[in-house]
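Architecture at a glance
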Amino acid sequence: MTDLYASTPFPIRDDLTAAHARAWARIARPGTWWDGAARVAIAAETRLAPSCALCRRRKEALSPLAIEGTHDSHSQLPEIVVEVVHRLRTDPGRLGERWYRGIVAHGLTEEQYVEIVSVVAHTVAIDTMARGLGLEVLPLPDPKPGSPSHYRPTGAKPGGAWVPWVEPADAGEVEAGIYPRDRLPANIMKAMSLVPAEVRSFFDLVTHQYLPGEVMRDFAREYRAISHAQIELLAARVSALNRCLY
Amino acid sequence: MLLRASGRTYDRTYDLAAVTGAADSAGGVPEGDQLVAFAEAVLGEDDAALAWARNALAAALGSPGLVDAAGVVGLFNAIDRVADATGIPLEPEKAAASADFRAALDLDRFAVADRI
């Protein structure tokens, strides 16, 4: 896995290559609520979603909720999981709380939902970078055997988001270190704290594919081949295209 | 918000309308036109436009710059999904600091609270 990008026309930083290898390895392993096979299937479904006919019809509709049908899927994942993965991948800017509450009412637990969000996000981050560079997407990893841990933080409770989250003061031993010690965590860090392992994993990717948290606001020094201003212009333009206020 | 903060460090004012595509140029950020065109092409479906934008950005920034730009586009394409799927609100301090340009650019139309 360490020579993940050995034959690319553009040299990719070693730390970034290693971060992608770690992310891929984590997707293959049993998670907190899904086993390795399901996690890899979620990643595969993330890749299929853009070619789903139902998703395309919904994307063009005034309201995606008005269009019924069945997603194009080749996986054994439950239909409710496929719905989450496809909506997240193809139309995230119109996700609403009513839709989320409906997903939970139809049997997906909040913890399972958060882990799906994380696996989709990991896959999107890595695949979108590959598209930007004109590279083939990485082959999906082989799932590893084992059972999910089913760990739920005892301190998780409803906060400002749709999903419950862990406030720093409520973080237990297992959650230690998921938040910075010298400042309050941004809501994006708390967003997936219902499944702490996913916060650790995703922010490992953030650190190497964007910037480490402690230097995001260190505008006096540059840490990448592009400047802070260039990075933030890209970030803001992408978020506007995705219709994401956050 | 970090774009504006970055500009203040160097006593520069960037035109934040570039973020929504409402400006004619990329707001004064060096190589901003190529960066914006690249981000739009990566998220779009026109492979020829993407190849053109990739080559233009590589010519302007070199391979390391292109790689870092592709990484940032990929990462924010993912972060946006985490934010939208979990329904996190903007922190009060960020909401206050960004109120002026959110209003000027009508960005609040993207707020999760308004979606069903």
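The rules behind the values
Every chain begins its residue count from 1, and numbering advances along the sequence as written. Throughout, the order in which chains and ligands are written sets their labels, letters from A for the former and numbers from 1 for the latter. Since the coordinates come from a predicted model, pLDDT governs what is reported: local features require at least 70, and pairs of side-chain atoms require 80 or more to be given and counted, while whole-chain, interface and lining totals use all residues. Counting from the N terminus, the helices are the DSSP runs of H or I reaching at least four residues and the strands are the DSSP runs of E reaching at least two. We compute the radius of gyration from the C-alpha atoms alone; for a globule the expected value is 2.2 Å times N to the 0.38, where N is the number of residues. Burial in this document is a count-based property: other C-beta atoms within 10 Å of a residue's C-beta are tallied, and the residue is buried at 20 or more, exposed at 12 or fewer, or partly exposed in between, with C-beta positions derived from the backbone. Contact between residues is assigned whenever the C-beta positions, reconstructed from backbone atoms, fall within 7 Å. The split of the chain into domains comes from an automatic or database domain assignment. One less than the number of residues in a helix, times 1.5 Å, gives the span that helix is expected to have. Between the N-to-C directions of two axes lies an angle of 0 to 180 degrees, each axis being a line fitted to C-alpha atoms and, for a helix, fitted only over the stretch in contact. Put simply, angles under 35 degrees are roughly parallel, angles over 145 are roughly antiparallel, angles from 65 to 115 are roughly perpendicular, and the rest are oblique. Whether a crossing is left-handed or right-handed is set by the direction in which the near helix is turned from the far one by less than a right angle, anticlockwise for left-handed and clockwise for right-handed. Polarity classes work like this: nonpolar for Ala, Val, Leu, Ile, Met, Phe, Trp, Tyr, Cys and Pro, charged for Asp, Glu, Lys and Arg, and polar for all others, with Gly in that last group. In this description, a nonpolar core means buried residues of the types Ala, Val, Leu, Ile, Met, Phe, Trp, Tyr and Cys, linked to one another by C-beta atoms lying within 7 Å.

Okay, the overall build of chain A next. If you tally the helices and strands in chain A, you get nine helices and zero strands. Going from N to C terminus, chain A has its helices and strands arranged as α-α-α-α-α-α-α-α-α. A compact globule built from 246 residues would reach a C-alpha radius of gyration of about 18 Å, and chain A, at 18 Å, matches this within 12%. Projected onto the principal axes, the alpha-carbon positions of chain A cover approximately 50 × 45 × 40 Å. Looking at chain A as a whole, 48% of its 246 residues are labelled buried. Taking contacts inside chain A between residues at least 6 apart in sequence as the whole, the part at least 24 apart equals 67%.

Right, let's talk about the overall build of chain B for a bit. The helix and strand inventory of chain B stands at four helices and zero strands. The order of helices and strands in chain B, counted from the N terminus, is α-α-α-α. Looking at the 116 residues of chain B, the share that counts as buried comes to 47%. Of the contacts made within chain B by residues no fewer than 6 positions apart, 29% connect residues no fewer than 24 positions apart.

With that out of the way, let us pick up the domain arrangement of chain A. Here chain A is partitioned into domain 1 (14–144 + 159–209) and domain 2 (218–246). Put simply, the middle of domain 1 of chain A and the middle of domain 2 of chain A, counted by C-alpha atoms, are 22 Å apart.

For helix H2 (residues 32–43) of chain B, spanning 12 residues, the distance from its first C-alpha to its last is 17 Å, which sits close to the expected 16 Å at 1.5 Å a residue. Residues of H2 of chain B that are buried: Gly32, Gln34, Leu35, Val36, Phe38, Ala39, Ala41 and Val42 of chain B.

All names here are of chain A. It is at 10 Å that the axes of helix H6 (residues 110–133) and helix H8 (residues 196–209) come closest, and there the two elements cross at 20°. Here H6 lies roughly parallel to H8, going by the angle between them. Classified by chirality, the crossing of H8 by H6 is left-handed. Mapping the contact onto sequence places Val114, Glu115, Ser118, Ala121, His122, Ala125 and Met129 in H6 and Glu198, Ser201, Phe202, Leu205 and Gln209 in H8. For the contact of H6 with H8, the residue count by class is six nonpolar, four polar and two charged.

All names here are of chain A. Helix length check: H8 (14 residues) gives 20 Å between terminal C-alpha atoms against 20 Å at 1.5 Å per residue, within 8%. Of all 14 residues making up H8, 11 are buried, and the element is well covered by its neighbours. Burial in H8 covers these residues: Pro196, Ala197, Glu198, Val199, Ser201, Phe202, Phe203, Leu205, Val206, His208 and Gln209.

With that settled, the discussion passes to the interface of chain A and chain B. Reports of interface size often rely on the accessible area that becomes lost once the parts have come together. Taken together, the contact pairs 64 residues of chain A with 59 residues of chain B. When residues of the side of chain A that touches chain B are assigned to their parent elements, the largest contribution, 14 residues, is made by helix H9 (residues 228–241) of chain A. Looking at the side of chain A that touches chain B, its residues break down into 43 nonpolar, 12 polar and nine charged.

In terms of nonpolar packing, the biggest core is built from 101 residues, with Ile42, Val117 and Leu234 of chain A together with Ala69 of chain B touching the most fellow members. Per-element accounting of this core gives the leading share, 18 residues, to helix H3 (residues 47–86) of chain B. Shared between two domains, this core holds at least three residues of each, these being domain 1 (14–144 + 159–209) and domain 2 (218–246) of chain A. Leaving out residues up to four positions away in the same chain, isoleucine 42 of chain A has contacts with Leu77, Val81, Val85, Ile116, Val119 and Val120 of chain A.

It is worth spelling out the environment of leucine 205 of chain A at this point. Topologically, leucine 205 of chain A is positioned in helix H8. With 182 residues separating them in the primary sequence, leucine 205 of chain A and alanine 23 of chain A have C-alpha atoms 7.3 Å apart.

All names here are of chain B. Secondary-structure assignment places asparagine 55 in helix H3. Asparagine 55 gets classed as partly exposed once you count the C-beta atoms within 10 Å, which come to 14. Along the sequence, asparagine 55 and arginine 109 sit 54 residues apart, while their C-alpha atoms lie 34 Å from each other.

A separate point is the packing of helix H4 (residues 79–90) of chain A against H6 of chain A. All names here are of chain A. Orientation of H4 relative to H6, taken along the N-to-C sense of each, is 45°, at an axis distance of 10 Å. Between H4 and H6, the interaxial angle falls into the category oblique. When the axes of H4 and H6 are compared, the crossing they make is right-handed. Between H4 and H6, the residues in contact are Val81, Val84, Val85, Leu88 and Arg89 and Tyr113, Ile116, Val117, Val120 and Val124, respectively. Of the residues in the contact of H4 with H6, the class split is nine nonpolar, no polar and one charged.

Despite not being glycine, histidine 150 of chain A shows a phi value in the positive range, around 55°. Take histidine 150 of chain A: it is sitting in the loop between H6 and helix H7 (187–190). Unusually for a residue other than glycine, glutamate 31 of chain B sits at a positive phi of about 60°. Position of glutamate 31 of chain B among the secondary structure elements: in the loop between helix H1 (2–9) and H2. Accessibility expressed as a C-beta count within 10 Å gives 21 for glutamate 31 of chain B, which makes it buried.

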